Amino acid sequence: MIRSDLSALLAEGLSAAQAAGDIAKSPSVTFAVERREDDLADYSSSEPMRLARVLGAAPKDIADVIVKHMPHSPSVRTAEVAGPGFINLWLKDEWVFNQLPEIHQAGPTFGHTDIGDGLRVQVEFVSANPTGPLTAGAGRGGVVGDALTRILRAIGYEVTGEYYVNDAGYQVELLGLSVYHHYAAALGHEAPFPTDGYLGDYISRWAAQIADEDNDRWLNDEKPTKPSAFEARAVGIALNEIKRDLEDLNIEINSWFSEKSMRDRGDIESVLDSLEKGGHVTRRDGAVWFVGGDGVNDRENVLVRSRGDPTYFAADIAYHQDKLERRNFDHVIDIWGADHHGHVPRVKAAMAALGVDREASKLEILLTQMVGIRIDGELGRQGKRSGKFVTLRQLLDEVGPAATRYFFLSKAMDSQMVFDLELAKREDPENPIYYIQMAHARCAGIERTAKNIPAPEKSSNKNWLTKDDGELLRLLLAFPEILVDAGMHREPHRLTHYLLSLARTFHSYYNKHRVVTEDESLTLQRLSLIGAVRQTFANGLELLGIDAPERM
RNA sequence: GACCCCGUAGCUCAGUUGGAUAGAGCGUGUGGUUGCGGACCACAAGGUCGGAGGUUCGAGUCCUCUCGGGGUCGCCA
């Protein structure tokens, strides 16, 4: 990666200067180097200004001395001191040009690095209750989690994407009773509808499906025979719809973790036992409460209800212990909806209490903010139990998976967003995803036009690079850095913005320079560049889970 | 009341561990493009970064206060 190479070069410059006695000694320094998108430099570092105090010298003098002692590098054309103490670095065109074959050689793995060092990471996302179809908001978490998973893999982590299925507990009981009410009705019987039952249209749809397929198999007067089996039947239908939605949105789940099977193993009892032994439990009003650790002024939360069944919180503690201890992931990332934010401190406190993650360093919880859906200019309220919400399916049917993913991935996850259905439905250039896909298709189109031209040989002519070729190629070389930043900051939208910027640069280039011309040598060189551009779009879109069409 | 997120161009949003003149898309205006696809390109207008203090060489970015919008505070999940 260019950025880290330059950083090392500057560090060498500093130590050489220190060895020569030109500047005071210091502990080793990591030079922050940033890529510039203006015309001040290709890359720059402001480290000298930060070093001023430590080294007891003026920033400008520090920068001067570093530049003076910096070893020669084949990639650097010039290094100069600017402003109050910046070091500006320019890449050598010849070196930039020589990176092109490397991009082609890496092919589908161009941009990938191994800085993750094979660390085992779990990303848990969506995990919506199987008590109804996925909401549009769940789509946001799903898309962000899926893209993050892909990006982390590309930078060298071994990642498992998991969906935690809440297929047990009170909400599932409610689902079963709600569906049963309609099921019985469909067969001409009566069963009570539960208080706080689910009101969505899909409930009667599922009931009709069960009545149709199973006839009177579950029928009894007021309650289903084998109620837990009936619940499982309803949950099964829900999960099928969820899986189909995720599949159509190009989201891959490696592992479906069943809460029910965890409960059946007795994990909750054993975790409660551990908490009790650690003195983190108190009893009051017939219920069992969790007491936060070490004088933390945290509210107490119920683990076991007075009627005897464990809460979602208790199950979640067992689940996270399973991830962090039994399955021993090096790092766990949970992606939750913002409405769960109050739950974050409790779970972390419980993990600390269990001694599973005392430093609170292994469990990382990210929150995706609310998604408002605007239909016909109206911003409606969303609620699964009321049955009033926009489903992910509606989004997919009306907008399509590419635009849906792009829209969710173009904004930072911690900012609230409004999904304007009418706007997103329009298939005009307003939607930047077409602009990006078009760039890829154009590259492919050029390659089709040139397909009877022999493959580029090793070039002897290195003066072909215009400023525009160099700009385009420099942008390609930034791709690996973008992936590292997007992964390490957990911000997939950085990749989205990069691709948009690359598309802009490419379209501009395309409009200005013809690739396939009479000049065979030049044509071959530019074909190689265009091939690298196409590869970068393909790789980037793949990580976003968006298809890269050859034609549009 | 407590806590979380947001507030940047007309609209939707970026802004890289705090760095040099605040960016993009859409919209608006003007112009270009007989070519590898016109789903394109170039140029322009448009900003007290909600407000006030503070931290320091330097703040859209960090801290405090404050205003506005959204969210969460259950023996629901």
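Residues numbered from 1 in each chain as written. Chains lettered and ligands numbered in written order. Predicted model: local features only at pLDDT ≥ 70, side-chain atom pairs only at ≥ 80, totals over all residues. Heavy atoms only, no water.

S.K.: Explain the sheet that holds strand E1 (residues 34-35) to me, and be specific about the residues and the numbers.
M.R.: Sheet strands associate in pairs through backbone hydrogen bonding, adopting either a parallel or an antiparallel arrangement. The sheet built from four strands is open, its strands ordered E1-E2-E4-E3 with antiparallel pairing. Edge positions in the sheet fall to E1 and strand E3 (76-82), since each has one partner strand and no second. Note that strand E2 (residues 43-45) and strand E4 (residues 86-91) share three bridges and pair antiparallel. Note that in E4 the partner of Ser45 across the bridge is Ile87. (Pairing = 2+ DSSP bridges. Helix = DSSP H or I, 4+ residues; strand = E, 2+ residues; numbered from the N terminus.)

S.K.: A description of helix H3 (residues 59-69) should follow, citing residues and the corresponding values.
M.R.: Residue pairs spaced three or four apart in an α-helix point in one direction, given the helix's 3.6 residues per turn. Those residues of H3 that sit buried are Ile62, Ala63, Val65, Ile66, Val67 and His69. Where H3 is buried, its residues meet helix H1 (2-19), helix H2 (47-55), E3 and E4. (Buried < 20%, exposed > 50% of the residue type's maximum accessible area, 1.4 Å probe, protein only. Contact = heavy atoms within 4.5 Å.)

S.K.: Which residues make up the protein's contact with RNA strand B, and what values do they have?
M.R.: Ala32, Gln171, Asp414, Tyr435 and Met552 are the nearest of the 57 residues found near RNA strand B. Protein-proximal atoms of RNA strand B, defined as those within 4 Å of the protein, fall in sugar or phosphate at a share of 61%. Contact between RNA strand B and His493: a phosphate oxygen at 3.0 Å from a side-chain N or O atom of the residue. A distance of 2.8 Å separates a base nitrogen of RNA strand B from a polar atom in the backbone of Tyr510. Those elements that place two or more of their residues in the surface near RNA strand B are H2, E4, helix H7 (170-186), strand E15 (417-420), helix H17 (432-449) and helix H20 (493-512). A per-element tally of the surface near RNA strand B places H20 first, with eight residues. A class-by-class count of the residues in the surface near RNA strand B yields 20 nonpolar, 20 polar and 17 charged. (Near = heavy atom within 4 Å. Polar contact = N/O pair within 3.5 Å; in protein donor to acceptor, adjacent residues only side chain to side chain. Nonpolar A, V, L, I, M, F, W, Y, C, P; charged D, E, K, R; others polar.)

S.K.: Outline the side chain of Glu124, listing residues and values.
M.R.: By the element assignment, Glu124 lies in strand E5 (residues 120-124). Its relative accessible area of 3% is what places Glu124 among the buried residues. Among the polar contacts made by the side chain of Glu124, one reaches the side chain of Lys323 at a distance of 2.7 Å. Other than its neighbours up to four places away in sequence, Glu124 contacts Glu162, Tyr164, Tyr319, His320, Lys323, Ile333, Asp334, Ile335 and Trp336.

S.K.: Explain the pairing of E3 to me, and be specific about the residues and the numbers.
M.R.: Here E3 runs beside E4; their pairing, made up of six bridges, is antiparallel. Looking across to E4, one finds that Ala79 is bridged to Leu89. Linking E3 back to E4 in an antiparallel pair, the connection comprises three residues, with Gly83 at a positive phi of about 55°.

S.K.: Which residues make up the environment of Arg393, and what values do they have?
M.R.: With respect to the element layout, Arg393 can be found in helix H14 (residues 392-399). Expressed as a C-alpha distance, the spacing of Arg393 and Ala136, which sit 257 residues apart in the sequence, is 7.9 Å. Setting aside residues no more than four positions away along its own chain, Arg393 makes contact with Arg244, Asp245 and Asp248.

S.K.: Describe the pattern of salt bridges, and please don't skip the residues or the numbers.
M.R.: Scanning the model with the defined rule gives 37 salt bridges in all. The closest approach of N and O atoms between Lys323 and Glu124, which form a salt bridge, is 2.7 Å. With a gap of 199 residues between them, Lys323 in helix H12 (residues 312-326) and Glu124 in strand E5 connect regions that are remote in the sequence. For the pair Lys323 and Glu124, one class covers both residues: buried. Among the salt bridges present, the one from Arg205 reaches Glu241, with a minimum N-O distance of 2.8 Å. Of this pair, Arg205 sits in helix H8 (residues 201-214) while Glu241 sits in helix H9 (residues 227-248), and the two are 36 residues apart along the sequence. Assessed through its relative accessible area of 12%, Glu241 is described here as buried. (Salt bridge = Lys/Arg side-chain N within 4 Å of Asp/Glu carboxyl O.)

S.K.: Lay out the sheet that holds strand E9 (residues 287-290) with the relevant residues and their values.
M.R.: Spatially, the three strands line up as an open sheet ordered E8-E9-E10, and their pairing is antiparallel. Either end of the sheet is taken by a strand with one partner, and the two such strands are strand E8 (281-284) and strand E10 (301-304). Neighbour-to-neighbour, the strand axes of this sheet turn through a mean angle of 45°, independent of strand direction. Where E8 meets E9, four bridges bridge the pair, whose relative direction is antiparallel. Looking at E9, one finds that Arg283 is bridged to Val288. In the packing of H12 onto the sheet, contacts are made with E9 and E10, and the angle to E10 comes to roughly 75°. (Axes fitted to C-alpha atoms, helices over the stretch in contact; angles between N-to-C directions.)

S.K.: Got a sec to walk through the packing of aromatic side chains? Specific residues and values, please.
M.R.: Under the definition given, this model contains 14 aromatic pairs. Between Tyr164 and Phe257, the ring centres sit 6.1 Å apart and the planes meet at 45°, which makes this aromatic pair tilted. Remark: Phe257 occurs in strand E7 (residues 255-258) and Tyr164 occurs in strand E6 (residues 158-165); sequence separation between them is 93 residues. In this structure, Tyr164 and Phe257 share a single accessibility class: buried. A connected cluster of aromatic rings, assembled from ring pairs, spans Tyr180, Tyr183, Trp218 and Phe230. When the ring centre of Trp256 is taken as reference, the NZ or CZ atom of Lys243 above it lies at 4.6 Å. Above the ring of Phe313, the side-chain terminus of Arg346 is found at 5.6 Å from the ring centroid. (Phe/Tyr/Trp six-rings, centres within 6.5 Å; stacked < 30°, edge-to-face > 60°. Lys NZ or Arg CZ within 6 Å of the ring centre and 35° of its normal.)

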